[in-house]
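Analysis of the macromolecular model
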Amino acid sequence: MKAVFIDASDTLGDVAERLHRADDIALVVNRQVDITPEQIPAAMGDAEILIVDHTAVPTNIAKQCKGLKHVVFLGTGARSYMNPEELAEIGIEVHIIKGYGDTAVAECAFALMWASAKGFARMDREMRVGNWLRTEAVQLTGKTLGLIGFGGIAAEMARLALGAGMQVLAWNRTPKSYPGVQFVSLDELLAQSQVISLHLLLNDETKGFISRERIAQMKDGVILVNTARGAVINEQAMVDALRSGKIAHAGLDVFEIEPLPKDHPFTKIENVTLSAHSAFRTPEASDNLIEASLNHCRRISGQGTLR
């Protein structure tokens with residue numbers, strides 16, 4: 001069997017080559033980060049396993065990959081790039097990777113929360129063009145953080161926030177518990193939280209989950225942080241709420257369209273801090289991610305030893 005990592009950045013490509021072992025299945029690392037879906041079949045050849053980081057894999061393209069039986073997606077948001085059910089119907093199994101960057105993503109969400117509360121990004125922008133701007137900050141100690149969705153990332157976010165002296169509420173679709181965190185209804189969380197951080201997987205149920213109506217339920221002047229998926233928020237409703245001040249500031253690492261178009265409203269609004277879907281990009285998370293992808297390949301092929 002053979003696997004092809006079709007869109008490896010230099011960083012992830014180097015990690016894949018370093019962690020790939022002699023007893024693993026054959027691995028081709030294709031460092032064409034801007035590969036298009038139409039180029040995938042040629043890059044795959046007759047390989048059975050496709051490893052993909054950020055490239056769309058439409059079902060009609062997958063059909064053209066004559067040996068393809070497995071897609072290993074580097075993360076949890078495979079639905080943003082492919083249709084797992086359609087692929088399953090043509091005999092292709094999609095594998096996702098959970099937990100590899102829980103700490104890295106939580107640290108990013110935590111940093112975006114603080115940057116949003118203190119106005120650092122706006123002051124930095126203004127000072128670079130000669131304006132001595134001082135923004136009014138929010139003291140987060142003692143404030144209430146609401147976590148929507150409670151998996152590994154949210155648990156890490158809770159740990160950090162509790163250590164910073166915040167009160168932490170959480171809502172999850174299935175019962176959970178965590179020391180120091182109060183689990184409440186979604187309505188209660190929206191009404192009581194001064195900061196809300198999103199930690200939902202994207203699926204048919206969560207697309208547009210933060211709707212115009214749910215934004216209206218939030219406290220006036222709320223800080224909203226999203227390191228999950230852009231499509232879990234109604235972006236136009238969020239833009240309107242930012243312009244009106246209903247949302248005082250948003251810290252965003254993910255967007256409906258990525259890369260973010262240069263003329264997107266978010267680039268024109270002062271009370272938004274933006275990062276380029278980079279929350280998970282730390283050396284530790286990259287090693288965890290690639291090792292997990294190779295473990296999928298080892299299980300599929302029966303070659304190599306799981307770590």
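Up top is the structure.
Note that the structure is predicted; figures quoted are calculated from it, not measured.

With that settled, consider the overall build of the protein. Looking only at helices and strands, the protein features 11 helices and 12 strands. Overall, the C-alpha framework of the protein stretches about 60 × 45 × 35 Å when taken along its three principal axes. Counting only contacts in the protein whose residues sit at least 6 apart along the sequence, the fraction spanning at least 24 positions is 60%. When the accessible surface of the protein is summed, it comes to about 14300 Å², and 50% of that surface belongs to carbon and sulfur atoms. Taken together, the 31 basic and 37 acidic charged side chains of the protein have centroids lying 3 Å from each other.

This part is about the packing of aromatic side chains. Taken as a whole and assessed by the stated rule, the structure comprises seven aromatic pairs. A ring pair is formed by Phe-73 and Tyr-81, whose centres lie 5.3 Å apart and whose planes are at 35°; its orientation type is tilted. Residues Phe-73 and Tyr-81 agree in their burial class; the two are buried. Aromatic side chains Trp-171 and Phe-209 sit 5.6 Å apart centroid to centroid with 25° between the ring planes, which places their arrangement in the stacked category. Within this pair, whereas Trp-171 is found in strand S7 (residues 167–171), its partner Phe-209 is found in the loop between strand S9 (195–198) and helix H9 (212–217), the two being separated by 38 residues in sequence. Like Phe-209, Trp-171 is buried.

Taken across its five residues, S7 has four buried, putting it largely inside the fold. In the sheet, strand S6 (residues 144–148) pairs with S7 via five bridges, with the strands oriented parallel. Paired with Gly-146 across the two strands is Leu-169, which belongs to S7. Taken together, S6, helix H7 (residues 152–163) and S7 form a β-α-β motif whose crossover is right-handed. In this structure, S7 lies alongside strand S8 (residues 181–183), joined through three bridges in parallel fashion. Bridging from a neighbouring strand, Val-168 pairs with Val-181 of S8.

Next up on the list: the pairing of S6. The buried fraction of S6 amounts to five of the five residues, a majority that puts the element mostly inside the structure. Alternating positions in S6 separate into two faces, Thr-144, Gly-146 and Ile-148 on one and Leu-145 and Leu-147 on the other, with burial throughout. In terms of strand pairing, S6 meets S9 through four bridges, oriented parallel. Bridging across to S9, Ile-148 finds its partner in Leu-198.

Our focus in this paragraph is the pattern of salt bridges. Counted under the stated rule, the structure contains 17 salt bridges. Here Arg-122 and Glu-270 are joined by a salt bridge, their closest N and O atoms 3.7 Å apart. You can see Arg-122 sitting in helix H6 (residues 120–128) and its partner Glu-270 sitting in the loop between strand S11 (247–252) and strand S12 (272–274), a full 148 residues away along the chain. A salt bridge links Arg-212 to Asp-240, with the nearest nitrogen and oxygen atoms 3.0 Å apart. Pair noted here: Arg-212 is in helix H9 and Asp-240 is in helix H10 (residues 235–244), with a separation of 28 residues, a long-range link. Judged by its relative accessible area of 40%, Arg-212 is partly exposed. Residue class for Asp-240 comes out partly exposed when judged on its relative accessible area of 30%. A network of salt bridges, in which partner residues are shared, links Asp-10, Asp-14, Glu-17 and Arg-31.

Our focus in this paragraph is unusual backbone geometry. Of note, the amide linkage connecting Glu-258 to Pro-259 takes the cis form, showing an omega dihedral of -5°. Position of Pro-259 relative to the elements: it lies in the loop between S11 and S12. Phi is positive for His-277, which is not a glycine, with a value near 45°. Structurally, the position occupied by His-277 is in the loop between S12 and helix H11 (283–301).

So, about the sheet that holds S6. Strand order in the open sheet formed by seven strands is S8-S7-S6-S9-S10-S11-S12, with parallel pairing between adjacent strands. Strands at the two margins of the open sheet, each flanked by one partner only, are S8 and S12. Recorded for the sheet is a direction-independent mean angle of 20° between the axes of neighbouring strands. Here three bridges tie S11 to S12, and the two strands are oriented parallel to one another. Bridge pairing links Leu-252 to Leu-274 in S12. Here H10 sits on the sheet in contact with strand S10 (222–226), S11 and S12, set at roughly 130° to S11.

For the rest of this paragraph, the subject is the packing of helix H1 (residues 10–19) against H11. Where H1 contacts H11, the axes come no closer than 9 Å and their chain directions differ by 55°. Viewed along their axes, H1 and H11 adopt a mutual orientation that is oblique. Our pair here, H1 against H11, has a crossing hand that is right-handed. Residues Leu-12, Val-15, Ala-16, Arg-18 and Leu-19 of H1 pack against Ser-286, Asp-287, Ile-290, Glu-291, Leu-294 and Arg-298 of H11.

Analysis parameters
Residues numbered from 1 in each chain as written. Predicted model: local features only at pLDDT ≥ 70, side-chain atom pairs only at ≥ 80, totals over all residues. Heavy atoms only, no water. Helix = DSSP H or I, 4+ residues; strand = E, 2+ residues; numbered from the N terminus. Contact = heavy atoms within 4.5 Å. Areas by Shrake-Rupley, 256 points an atom, 1.4 Å probe, with all protein chains shown as cover. Lys, Arg positive; Asp, Glu negative; His and termini not counted. Charge placed at Lys NZ, Arg CZ, Asp CG, Glu CD. Phe/Tyr/Trp six-rings, centres within 6.5 Å; stacked < 30°, edge-to-face > 60°. Buried < 20%, exposed > 50% of the residue type's maximum accessible area, 1.4 Å probe, protein only. Pairing = 2+ DSSP bridges. Right-handed = clockwise from strand over helix to strand, strands pointing away. Salt bridge = Lys/Arg side-chain N within 4 Å of Asp/Glu carboxyl O. Axes fitted to C-alpha atoms, helices over the stretch in contact; angles between N-to-C directions. Parallel < 35°, antiparallel > 145°, perpendicular 65-115°, else oblique. Left-handed = near helix turned anticlockwise from the far one by under 90°.

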